[in-house]
Structures are given as C-alpha cells and as structure tokens.
Amino acid sequence: MQCRLGCGACCIAPSINQPILGMPNGKPAGVRCIQLNDDNLCKIFGDPSRPKLCDGFKAEKDVCGDNTAQALQIITELERLTS
Ligand code: SF4
Ligand code: SF4
C-alpha cells in the first residue's frame, strides 16, 4: 500500500532505538518524533541523517490499518508485544 501522507502514526507509536536529529537517544514509544512537522510529515525525509529504521519502514495494510487511529492502535500493540 501507499503511505497515507499526513498520518504520522509510525513516527509516534513505536520506539526508535537509533539516534534522531534532535533526539540523540532515539525516542520512546508513544512520543512524537521531534522531526515530525505539524502536517505529520517527516522534516528530514530524504536526508542522510534520517534513521535507517525510518528508511526501512514500509506502509503495510496489516500495520497501517485504514486510518491514523487504527495505525496508532496496531503499532502500539505490536510495540507492546515485542518489548
Ligand atoms: S503508519 Fe503507515 S500510513 Fe501511517 S505514516 Fe506510517 S507508513 Fe504511512
Ligand atoms: S525521523 Fe522522520 S520518519 Fe523517522 S520517526 Fe522521525 S519524523 Fe518519522
């Protein structure tokens, strides 16, 4: 599936254990990434400093659901199961 631009759930719900510009220790689950702008788009998309984890994350129906609320719910649950 195509990423729903402006969703941003995968930049909020999961923990990211790689340094992010402005968040040198990465980010905990449920915390909004500092690089997520007000339109829920990544400010450093395409920049070499963007974490590899983010580059590797691809939109999938099973994870992203049908809307942002579903994505937040599913990713939060996946995070809980894998942490
Ligand atoms: S959760 Fe899925 S649809 Fe939402 S921003 Fe991330 S990849 Fe895109
Ligand atoms: S760096 Fe960009 S893609 Fe990665 S979590 Fe932050 S806003 Fe999202």
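Heads up: the structure comes first, above all this text.
So, here is what we can say about the structure in this document. (Residues numbered from 1 in each chain as written. Chains lettered and ligands numbered in written order. Predicted model: local features only at pLDDT ≥ 70, side-chain atom pairs only at ≥ 80, totals over all residues. Heavy atoms only, no water.)

1. A closer look at the nonpolar core
And then number 1: Counting eight residues, the largest nonpolar core consists of Cys7, Ala9, Ala13, Ala59, Val63, Cys64, Ala71 and Ile75.
And then number 2: At the level of elements, α2 (61-64) and α3 (68-82) are the ones that each hand at least two residues to this core.
And then number 3: Beyond its immediate sequence surroundings of up to four residues, Cys64 is in contact with Met1, Arg4, Ala59 and Ala71.
And then number 4: One finds Ile16, Ile20, Met23 and Cys33 within the second-largest nonpolar core, a separate group that totals six residues. (Core = buried A, V, L, I, M, F, W, Y, C linked by side-chain atoms within 4.5 Å. Buried < 20%, exposed > 50% of the residue type's maximum accessible area, 1.4 Å probe, protein only. Helix = DSSP H or I, 4+ residues; strand = E, 2+ residues; numbered from the N terminus. Contact = heavy atoms within 4.5 Å.)

2. Considering α3
And then number 1: The terminal C-alpha atoms of α3 lie 21 Å apart, and with 15 residues this matches the ideal 21 Å at 1.5 Å per residue to within 8%.
And then number 2: Next to the buried residues of α3 lie α2.
And then number 3: The N-terminus of α3 is capped by Asn67, whose side-chain oxygen sits 3.3 Å from the backbone nitrogen of Ala69. (Expected span 1.5 Å × (residues − 1). Polar contact = N/O pair within 3.5 Å; in protein donor to acceptor, adjacent residues only side chain to side chain.)

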